[in-house]
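One-letter residues, chain by chain:
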Amino acid sequence: MSCFRKCLFTIAGIAIISAALLAGVVATAGNWLVQPDRPVRADAIVALSGDLLRTVYAAELYRAGMAPRVILTEERRLPPHRKLDEMGIPFPEMHDVSREILLKLGVPKEAIRVVGNRVTSTAAEATAV
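Residues numbered from 1 in each chain as written. Predicted model: local features only at pLDDT ≥ 70, side-chain atom pairs only at ≥ 80, totals over all residues. Heavy atoms only, no water.

A. The sheet that holds strand E2 (residues 70-75), seen in detail. Taken in spatial order, the three strands line up as E1-E2-E3 in an open sheet, and their pairing is parallel. In the strand order of this sheet, the two ends are held by strand E1 (45-47) and strand E3 (112-119), each with one partner. Shown here is a sheet whose adjacent strand axes are inclined to one another by a mean of 25°, direction ignored. Examined bridge by bridge, E2 and E3 share five bridges and lie parallel to one another. Bridging across to E3, Ile71 finds its partner in Arg113. Each of E1 and E2 is contacted by helix H2 (residues 52-63), which is oriented at about 165° to E1, the strand it contacts most. (Pairing = 2+ DSSP bridges. Helix = DSSP H or I, 4+ residues; strand = E, 2+ residues; numbered from the N terminus. Axes fitted to C-alpha atoms, helices over the stretch in contact; angles between N-to-C directions. Contact = heavy atoms within 4.5 Å.)

In structure tokens:
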């Protein structure tokens, strides 16, 4: 085998091994960089709109004694829900559903606050809170 071919195979082998090592480092880098924060006691727990599982987690935090109240935001009514309103068909507001979840999971009515006026974004929720 010529010197050129040996060098070419050696360089290709090093490149393949290097690429595999780099891929492994990139794939696991998130585990080194991301460290979850432990919840700390606060004045309130804010359950942002959008996912009702956030409300379930807020109830868990409340029951764990992490805060004396839970804050929900009143989000804007979606077009299909507004259409139902116009037709006279009752469909609950999402903050009402969240309130019911909290109540069912042991958060007392006095500890629940609803803020905002038809917020449309996380930034608007932050401002309302």
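The structure having been displayed, the exposition proceeds.
B. Main features of unusual backbone geometry. We note that Arg118 has phi near 60°; this positive angle belongs to a residue other than glycine. Summarising the element assignment, Arg118 is placed in strand E3.

C. Focus on the pattern of salt bridges. What the rule picks out here adds up to six salt bridges. A salt bridge links Glu86 to Lys83; the shortest N-O distance between them is 3.9 Å. A residue pair is termed a helical-turn pair when its members lie 3 or 4 positions apart in one helix, as Glu86 and Lys83 do in helix H3 (residues 79-87) at three residues. For Lys83, a relative accessible area of 47% gives the class partly exposed. Residue Arg118 is joined to Glu93 by a salt bridge in which the shortest nitrogen-to-oxygen separation is 2.7 Å. With Arg118 in strand E3 and Glu93 in the loop between H3 and helix H4 (94-104), the pair connects residues that are 25 residues apart, well separated along the chain. Given a relative accessible area of 34%, Arg118 falls into the partly exposed group. (Salt bridge = Lys/Arg side-chain N within 4 Å of Asp/Glu carboxyl O. Buried < 20%, exposed > 50% of the residue type's maximum accessible area, 1.4 Å probe, protein only.)

D. How the structure looks around the pairing of E2. Judged by how many residues are buried, E2 sits mostly within the fold: six of six residues are covered. Residues Val70, Leu72 and Glu74 point to one face of E2 and Ile71, Thr73 and Glu75 to the other, with burial holding for every one of them. For E1 and E2, the ladder comprises three bridges, and the chain directions are parallel. Paired with Val46 across the two strands is Ile71, which belongs to E2. Crossover handedness for the path E1 to H2 to E2: right-handed. (Right-handed = clockwise from strand over helix to strand, strands pointing away.)

E. Inspection of the side chain of Glu75 at higher detail. In this structure, Glu75 sits in strand E2. Despite being buried, Glu75 has no salt bridge partner; Arg54 is the closest side chain of opposite charge, sitting 7.5 Å away. Among the polar contacts listed, one links the side chain of Glu75 to the side chain of Ser49, at a separation of 3.0 Å. When sequence neighbours within four positions are dropped, the list of residues in contact with Glu75 reads Ser49, Gly50, Glu93, Met94, Arg118 and Val119. (Lys, Arg positive; Asp, Glu negative; His and termini not counted. Polar contact = N/O pair within 3.5 Å; in protein donor to acceptor, adjacent residues only side chain to side chain.)

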